[in-house]
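# Structural overview for review
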Amino acid sequence: MSLAISTGRMTGMLPFAKGRVWASLAFLLALPATAFGAPDCKQASAAYVDRDGAYELRFTPINSEAAAASNRFTLKLLKTSIELDGYVMPSEDPERAVGVLMFKCPGGDVTGADLDACTIWRGTIYSANTKGEIENLQPEAAAAAENVFLPGLGPAIRQSQIWGNGKATVAPWDVLAFKECAK
């Protein structure tokens, strides 16, 4: 079959096989590009979008063996200048990938109250595939998830300091789909 496709000649191929080759090729070409992108991408380079196209979640490498976080990401509100910083940290008993999303946190020596004031969302981050199977988000060196699931993200944004006129006016869905892999 691959010889026939690469040479363009269909000699020696049964007539019903020709139809199957073209049907398979048509099916593969009809699939969205994202169906192929996630497995070839590391989590540290994956980007995701919400279904309304209002938010983009982009992972970036931490590149530190000593870091307490397993992943770093930003959540950009498209069509605004608002960008939030996020981290994923592993927890134990039960094992979970716990995420935190912050906006304009102060640098340097900060208190817990300072961090609470700038935290927009905190919760478990899951990966989800197109079959609906959910598991913990894997560390940055693992293959990128097909979807990321941040339970309660939309309501948290609606109740935060980034919501309102001139800011966020669309709450994201809690599931964001793989968009692309950063180079």
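Residues numbered from 1 in each chain as written. Predicted model: local features only at pLDDT ≥ 70, side-chain atom pairs only at ≥ 80, totals over all residues. Heavy atoms only, no water.

The next subject is the sheet that holds strand 3 (residues 71-77). Strand order in this open sheet of 10 strands is 6-5-4-3-2-1-10-9-7-8, and the pairing throughout is antiparallel. The open sheet has two edge strands with one neighbour each: strand 6 (119-124) and strand 8 (134-136). Each adjacent strand pair in this sheet contributes to an overall mean axis angle of 30°, direction not counted. Sheet topology places strand 4 (residues 83-91) next to strand 5 (residues 96-102); 7 bridges connect them, and they run antiparallel. (Pairing = 2+ DSSP bridges. Helix = DSSP H or I, 4+ residues; strand = E, 2+ residues; numbered from the N terminus. Axes fitted to C-alpha atoms, helices over the stretch in contact; angles between N-to-C directions.)

A separate point is the side chain of Glu 140. Following the sequence through the fold, Glu 140 ends up in the loop between strand 8 and strand 9 (147-149). Although buried, Glu 140 forms no salt bridge, and the nearest oppositely charged side chain, Arg 72, lies 6.6 Å from it. Once residues within four sequence positions are removed from consideration, Glu 140 is found in contact with Lys 42, Gln 43, Ala 44, Thr 60, Pro 61, Ile 62, Asn 63, Ser 70 and Asn 71. (Buried < 20%, exposed > 50% of the residue type's maximum accessible area, 1.4 Å probe, protein only. Lys, Arg positive; Asp, Glu negative; His and termini not counted. Salt bridge = Lys/Arg side-chain N within 4 Å of Asp/Glu carboxyl O. Contact = heavy atoms within 4.5 Å.)

To continue, consider the state of the cysteines. Applying the stated criterion to the full structure yields 2 disulfides. Disulfide partner of Cys 41: Cys 181, at an S-S distance of 2.2 Å. In this structure the cystine formed by Cys 41 and Cys 181 twists about its S-S bond by roughly 85°; its chirality is therefore right-handed. Of the two residues, Cys 41 is situated in the loop between helix 3 (34-37) and strand 1 (46-49) and Cys 181 in strand 10 (residues 175-181); the sequence distance between them amounts to 140 residues. Overall, the relative accessible area of 22% leaves Cys 181 in the partly exposed class. (Disulfide = S-S within 2.5 Å.)

This part takes up the environment of Ala 97. By the secondary structure assignment, Ala 97 is in strand 5. Along the primary structure Ala 97 and Ser 127 are separated by 30 residues, whereas in three dimensions their C-alpha atoms are 9.7 Å apart. What Ala 97 contacts, discounting residues up to four positions off in sequence, is Val 88, Met 89, Gly 123, Thr 124, Ile 125, Asn 136 and Leu 137.

Counting residues in hydrophobic clusters, the biggest one holds 31 residues, and the most contacted among them are Tyr 48 and Leu 84. Where this core is concerned, the elements lending two or more residues are strand 1, strand 2 (55-60), strand 3, strand 4, strand 5, strand 6, helix 5 (153-158) and strand 10. (Core = buried A, V, L, I, M, F, W, Y, C linked by side-chain atoms within 4.5 Å.)

Here we take up the pattern of salt bridges. Applying the stated rule across the entire model yields 4 salt bridges. The residue Glu 56 makes a salt bridge to Lys 179 at a minimum N-O spacing of 2.6 Å. Taken together, the residues Glu 56 in strand 2 and Lys 179 in strand 10 connect sequence positions 123 residues apart. Looking at Glu 56, the relative accessible area reads 12%, which means it is buried. In this structure, Glu 180 engages Arg 58 in a salt bridge whose closest nitrogen and oxygen atoms are separated by 2.6 Å. With a gap of 122 residues between them, Glu 180 in strand 10 and Arg 58 in strand 2 connect regions that are remote in the sequence. Residue Glu 180 is classed as partly exposed on the basis of its relative accessible area of 32%. Taken together, the salt bridges that share partners define one network made up of Glu 56, Arg 58, Lys 179 and Glu 180.

This next bit is on the environment of Ser 127. Note that Ser 127 resides in strand 7 (residues 126-128). As a C-alpha pair, Ser 127 and Leu 176 span 49 residues in sequence and 9.7 Å in three-dimensional space. Sequence-distant contacts of Ser 127, defined by excluding residues within four places in its chain, comprise Glu 133, Ile 134, Glu 135, Asn 136, Leu 137, Ala 145 and Asn 147.

Turning our eyes to something else, we now look at the pairing of strand 3. Taken across its 7 residues, strand 3 has 5 buried, putting it largely inside the fold. Summarising the sheet, strand 3 and strand 4 pair through 6 bridges and their orientation is antiparallel. Of the residues in strand 4, the one forming a bridge with Lys 76 is Glu 83. The turn linking strand 3 back onto strand 4 is made up of 5 residues, and Lys 79 within it adopts a positive phi angle of 70°.

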